[in-house]
Each structure stands twice: as structure tokens, then as C-alpha cells.
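An overview of the molecular structure
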Amino acid sequence: MEEFWAGALWALRIWLYLIVGLIMIPAMFGFSLGISETYMRVLMKTLEWATLKIQKANTEEKTLKPSASNGVIQREYGSMEKELGELRRSRPKPPVGGDFTLSDCFYFTRKGIESIVEDEVTQRFTSEELVSWNLLTRTNNDFQYISLRLTLVYGLGIFVRYCILAPLRITLACIGLTWLVIGTSAVGLLPNSRVKSWLSEWVHVMCYRICARGLSAAIRYHNRENKPKKGGICVANHTSPIDIVILCNDGCYAMVGQVHGGLMGVVQRAMVRSCPHVWFERSEMKDRHLVTNRLKDHVSDKTKLPILIFPEGTCINNTSVMMFKKGSFEIGGTIYPVAMKYDPKFGDAFWNSSKHSMVSYLLRMMTSWAIVCNVWYLPAMHQQEGEDAVQFANRVKSAIAHQGGLVDLQWDGGLKRAKVKNTFKEWEQKKYSSMVVGDDSSSNSD
Amino acid sequence: MGSRASTLLREEEIEEIKKETGFSHSQITRLYSRFTSLDKGENGTLSREDFQRIPELAINPLGDRIINAFFPESEDQVNFRGFMRTLAHFRPIEDNEKNKNPTAGEPLNSRTNKLLFAFRLYDLDRDDKISRDELLQVLRMMVGVNISDEQLGSIADRTIQEADTNGDNSISFNEFIKVLEKVDVEQKMSIRFLH
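Residues numbered from 1 in each chain as written. Chains lettered and ligands numbered in written order. Predicted model: local features only at pLDDT ≥ 70, side-chain atom pairs only at ≥ 80, totals over all residues. Heavy atoms only, no water.

An unreviewed UniProt entry lists chain B under the name Calcineurin B homologous protein 1, from Betta splendens.

As recorded in an unreviewed UniProt entry, chain A goes by Glycerol-3-phosphate acyltransferase 3-like and comes from Betta splendens. Looking at chain A in UniProt, the text filed under Subcellular location (unreviewed entry) is "Endoplasmic reticulum membrane". As its UniProt record puts it under Sequence similarities (unreviewed entry), chain A is described as follows: "Belongs to the 1-acyl-sn-glycerol-3-phosphate acyltransferase family." (UniProt positions renumbered as here; feature names shortened; annotations may be inferred.)

Structure representation (C-alpha cells):
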């Protein structure tokens with residue numbers, strides 16, 4: 001029995017040494033031993049092989065869909081004017097009294113039915129559908145029996161993900177978070193000086209690197225010369241809380257957000273001791289004026305870290321960029337846009353907060369293959385003369401969407417929880433009315 | 001977690017829906033996965049609220065009338081079968097369906113059925129007639145507050161006058177068909193479903 005315990009202790013010690021030697025120390029100083037690169041290469045090969053196998057099986061059976069796209073319908077994007085014009089072609093315009101035909105409803109009907117079958121908004125709040133199966137059961141394609149060999153690989157995958165990767169990643173995440181709390185608290189005790197901010201940055205980045213390794217994150221940064229500089233605001237599209245870990249691997253940001261309770265609260269309180277993050281109480285968040293003023297103060301101090309803001313205000317499934325709330329664009333100062341795109345093949349990074357809690361989401365992440373992410377730093381943008389905050393926000397959004405290969409949507413991400421405002425319907429009605437009575441101006445005079 | 005849409009739909013059900021609506025196997029499974037994602041109550045049926053949660057439909061001036069078409073007997077739930085039956089009206093008419101055996105019964109996506117769908121949008125009280133009052137109400141939904149009562153009234157009057165052949169001051173389904181006979185209903189009331 002004694003021997004068994006001695007053996008177990010010995011194994012545990014080796015395990016910890018390995019973690020410290022192979023992961024912690026490289027993470028501290030920001031170099032890589034090439035282990036994760038090798039892992040990624042093996043993974044790519046395996047998934048490619050699996051896709052090939054599945055495709056072969058599909059062509060033999062010929063029962064499954066041709067998987068070029070996952071769409072259900074091909075939507076028609078004709079404008080109201082064009083569509084109604086075609087509908088009315090068969091009949092002459094009446095000389096007086098407004099242009100209406102019974103077939104006008106066809107336009108609205110078709111648009112309505114199309115939106116029932118496939119719509120722009122609600123689909124952005126559920127996990128992205130994959131074209132091919134990535135050997136994870138939680139994707140759109142459930143486990144399918146294709147061949148014995150593929151099933152074996154799948155089984156091996158489960159073993160590797162749950163029995164080797166998951167414990168390793170959980171250990172790392174725990175070490176990372178504890179380190180963050182201890183490190184930032186300790187740094188917080190120092191008097192304000194250059195050394196303090198330098199140490200604080202070092203602790204932050206180190207902890208995020210450890211956490212990133214805890215998620216097997218493979219991140220590629222593009223155009224680093226455009227990295228956000230001090231005294232600016234960094235805006236990025238939002239997919240999950242992991243976004244923060246991804247971005248902070250390459251430099252520190254001051255974060256803006258609400259004060260949370262629980263584990264998040266502990267981390268937040270520790271972090272604010274060493275570095276001026278901007279946390280708001282829930283009641284303060286409602287006071288937009290106060291929020292803007294505190295952010296303005298932060299930005300005007302050129303020694304403070306750039307603020308990181310996700311102006312969508314909610315997590316989107318990484319296929320599109322939704323409306324940017326104008327608040328962050330009213331602060332002034334330089335905006336540094338950042339586009340982030342995750343590779344869904346290796347794991348779905350989207351946090352569906354109405355379906356999963358934070359912890360279960362993190363566990364799902366830690367049992368996925370890996371997190372592969374591309375980050376593009378875009379050139380700094382400034383508000384132009386004669387441009388209001390909304391227009392500026394839209395311009396930044398388009399730039400991010402274009403760079404990340406995401407769909408640029410006008411819709412508000414807040415629709416995940418709230419109902420659409422009536423003014424949008426009124427706008428549609430107005431547009432139609434102007435087609436019925438001609439010009440807007442004549443609608444009241446007649 | 002792993003239980004996905006396609007596994008919950010039984011093969012026999014798919015076959016029956018296929019026969020009734022003319023949708024293909026893969027179209028049915030994909031629409032089923034859409035159906036389940038709209039079904040927030042997760043009880044296998046959709047309510048009016050489930051439809052209203054689609055923002056693009058909520059801003060559609062005729063959104064409420066379109067939603068109503070899914071609830072023909074004024075129930076408050078629609079199951080997948082009923083959902084598909086309504087959607088089937090919008091399948092394009094394929095060439096091989098045009099010269100099909102006429103004894104086989106009218107397919108849901110025929111020109112007449114497409115027109116009937118549109119007719120029912122106007123026929124609020126389902127008495128198979130569009131009265132002036134009904135037409136006014138639907139017009140009001142479409143234009144909102146932007147057009148005066150007077151002007152809308154004259155539009156309604158003229159529309160009924162043009163269509164009404166038997167002088168009862170309302171539009172019957174036959175009159176509706178007649179007045180729209182030159183319109184390309186087959187194309188305008190169809191959606192391009194992918195295979």
C-alpha cells in the first residue's frame with residue numbers, strides 16, 4: 001500500500017513538473033516549444049482524413065445532402081420598388097387616387113414566409129452549422145457510423161479529449177486564474193510607479209497565456225503594426241468571453257464592464273488593484289452619462305492602457321457582425337478596430353448564454369479539439385467631420401466585417417432577448433405608403 | 001445534447017410529409033431543424049409568439065396575417081405537419097407537376113392554392129368574401145398612419161369596383177382569381193427552396 005501511495009505521489013510530481021516545465025515557463029516568457037503546433041498539425045491531418053472518409057461514404061449512399069451550403073432557401077433580395085413594380089406591370093396605373101393592387105400582398109407574403117424559413121437574426125444566436133463533421137458530437141451532424149476505422153478514431157478522440165486534454169486544461173486554467181488573483185493582488189501592494197505598471201502588464205499577459213494554453217488556443221495575429229496604443233479604444237466583434245483571453249495574449253487592455261459576483265467578482269477585484277480597469281455597478285451602468293464620463297477620463301490619460309470594448313453588447317455566433325451600440329463611439333479618441341474570426345472546425349467558440357452557463361461553456365471548450373482564431377488589427381480610425389456617432393459606428397463595423405469575412409448586419413444584437421421596436425415596422429409601412437400615393441409629401445395634402 | 005433534429009423525426013413521418021407536401025427528404029429534415037430552433041417552448045409545436053420572435057417577420061406589415069395562416073382553425077399551436085403544409089404553398093411549381101394526372105388532386109403549391117393563401121390574408125372573418133371593411137383593415141396594416149382615411153377609402157372602393165362583377169360590393173374568390181389572372185402568381189408566390 002505504501003508503495004502505491006509513493007508511486008502515485010511520484011506520478012503527480014512528474015505531472016506537475018511537466019506542466020511547469022513545458023507549459024508554465026514558456027507561457028511566462030512568451031515562447032513556444034512547438035508542442036501545440038505539432039498537435040495542430042496532427043489534428044488537421046486527422047480531420048482532413050475524416051472529412052474525406054465521410055464524403056466518400058456519402059457519395060456511395062447518395063442519401064445525404066450535397067453539402068455545399070447549409071441554406072434552406074435562396075432568398076430574393078429585390079427592393080420593394082422593383083418587386084411591386086413587377087407585380088403591377090400587368091395593370092395600368094390609375095390616373096387618380098393612389099396605386100394599389102390586390103397582388104401587392106404577394107411581396108409581403110413572400111418576404112414573410114422567407115423570414116420564417118430562414119432569417120438574418122435568430123440564426124446568429126445559435127451555433128453555426130458546419131459543412132462537415134469534425135468528430136465532435138455537439139455539432140449539427142450527430143455521430144454517424146461510417147466505418148470501423150473512423151469510429152475507432154472517434155473513440156480515440158474522446159479518450160484524448162476527456163482523459164488527457166481536459167484534466168490538463170483544467171489544471172492550467174486553475175493555475176492561471178489563481179496566479180492572476182495572487183499576482184495582481186501582490187502587484188497592487190506596490191506604490192504607483194513605472195515598475196508597477198510594467199509588472200502588472202507582465203502578470204496579466206502571463207496569466208492570459210497560461211489560460212490560452214488551457215484552451216489550446218492557436219492564435220494568429222495579423223498586421224501587428226496596427227496594435228491598439230495607449231489612450232485609445234479597441235473595439236472588436238464579440239463571440240464569447242474567451243475573446244478577452246485571445247486579445248490579451250498579445251498585450252494588455254483596460255476592461256470595461258459590469259461588476260460580477262462569484263468567481264468572476266474575485267478575479268475582477270484582484271485585477272483592479274494593479275491596473276485601472278473600469279468596472280461599473282449594475283445601477284451605475286444605467287446612467288449613460290456617468291459611464292461616458294468615466295471612460296472619457298480614462299481615454300484622456302495617455303499613460304493608461306487602451307480600453308477594450310465589444311460594442312455589439314452580446315455574443316454572436318461568429319458568422320456576422322451586428323449593430324454597434326453608439327455609446328463607445330461618443331467618447332472620442334482614436335478607435336482601433338480588431339476583427340476576430342474563430343475556425344469552427346476545431347470547436348464552436350460561440351457562447352450561447354441563454355442555453356449554457358459559464359462553467360458548462362468552459363468545460364465544453366476544454367473538451368473541444370482546440371480554439372483556432374485569427375485576429376486582425378485594423379488601422380486606427382477617427383470620427384470624420386460631419387459624421388455622427390451612429391455613422392461612425394457603422395463605418396467601423398463594416399471595416400471589421402469586411403476584414404473578418406463576416407456578414408455585416410444592421411440588426412441590433414439586443415434582439416436576442418428583446419422584441420423588435422415598432423419603429424422598424426412603421427418605416428416599412430411608410431415606404432409602402434409612398435409607393436401607393438406617390439411622393440411622401442402628397443400623402444397629407446390629398 | 002447530442003439529440004439533434006433529424007434523429008427525432010421518424011422515417012414514416014418524413015415519408016408522409018413528403019407525399020403530402022412534395023418537399024424532398026433533405027428539405028424536410030432541414031426545415032425540421034428550423035422548426036425546432038423556433039420552438040422555444042420545446043414542446044413540438046409553435047405558438048404565435050414563437051413566430052413573432054423572428055424580427056424580420058415582426059416588422060413585416062402583414063406579419064400578423066401571415067402568422068395567422070399557420071393557424072387555420074384559430075388554434076393556438078401548430079405542429080410540424082401543419083407548419084410544412086402551409087410552407088408547401090410556396091414551393092415553386094415544377095415542370096413535371098404541371099402535366100400531372102389531374103385525378104391525383106390539387107397539389108398545395110398550385111396556382112389556385114397560392115391565390116387562396118393570398119385571398120385569406122384579406123378575408124379576415126373567413127366568410128370567403130372580401131368586404132370593403134376587411135380590405136380597409138388590411139390596407140391600414142400595410143400603410144400604417146401614413147395615408148388618410150378618406151384616401152384609403154377611395155382606394156378600397158376603386159379596388160372593389162374593379163374586381164366586383166356581381167354587384168355585391170365585395171370580392172369573392174372567383175372574382176379575386178379573375179382580377180389577378182395576368183399576374184405571374186406562380187413565380188411571385190414561390191420561394192426557391194434548395195434541394
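What follows covers the UniProt feature "domain: EF-hand" (unreviewed entry) in chain B. Residues annotated by UniProt as "domain: EF-hand" (unreviewed entry) correspond here to residues 26-61, 110-145 and 151-186 of chain B. Summarising residues 26-61 of chain B: 61% helix, 6% strand, and an end-to-end C-alpha distance of 32 Å. (Helix = DSSP H or I, 4+ residues; strand = E, 2+ residues; numbered from the N terminus.)

Facing the 65 residues of chain B at the interface are 64 residues of chain A. Both faces considered, chain B and chain A share a buried interface measuring about 5,600 Å² in area, 65% of it formed by carbon and sulfur atoms. For the chain B face of the interface with chain A, the top three residues by lost area are Glu56(B), Ile59(B) and Lys188(B), together amounting to 13%. Our count for the chain B to chain A interface comes out at two salt bridges. (Contact = heavy atoms within 4.5 Å. Buried area = accessible area lost by both parts, 1.4 Å probe. Salt bridge = Lys/Arg side-chain N within 4 Å of Asp/Glu carboxyl O.)

All names here are of chain B. Secondary-structure assignment places Leu-46 in strand β1 (residues 45-46). Leu-46 sits in the buried class, given a relative accessible area of 0%. Taking the C-alpha atoms as reference points, Leu-46 and Gly-82, 36 residues apart in sequence, are found 10.0 Å from one another. (Buried < 20%, exposed > 50% of the residue type's maximum accessible area, 1.4 Å probe, protein only.)

Taking the UniProt record as the reference, the feature "domain: Phospholipid/glycerol acyltransferase" (unreviewed entry) is found at residues 232-343 of chain A. The span residues 232-343 of chain A is 34% helical and 22% strand by assignment, and the distance between its end C-alpha atoms comes to 28 Å.

This next bit is on the UniProt feature "transmembrane region" (unreviewed entry) in chain A. Look at the UniProt record and you will see "transmembrane region" (unreviewed entry) annotated at residues 14-35, 146-164 and 170-190 of chain A. The span residues 170-190 of chain A is 95% helix and 0% strand, and its two end C-alpha atoms sit 31 Å from each other.

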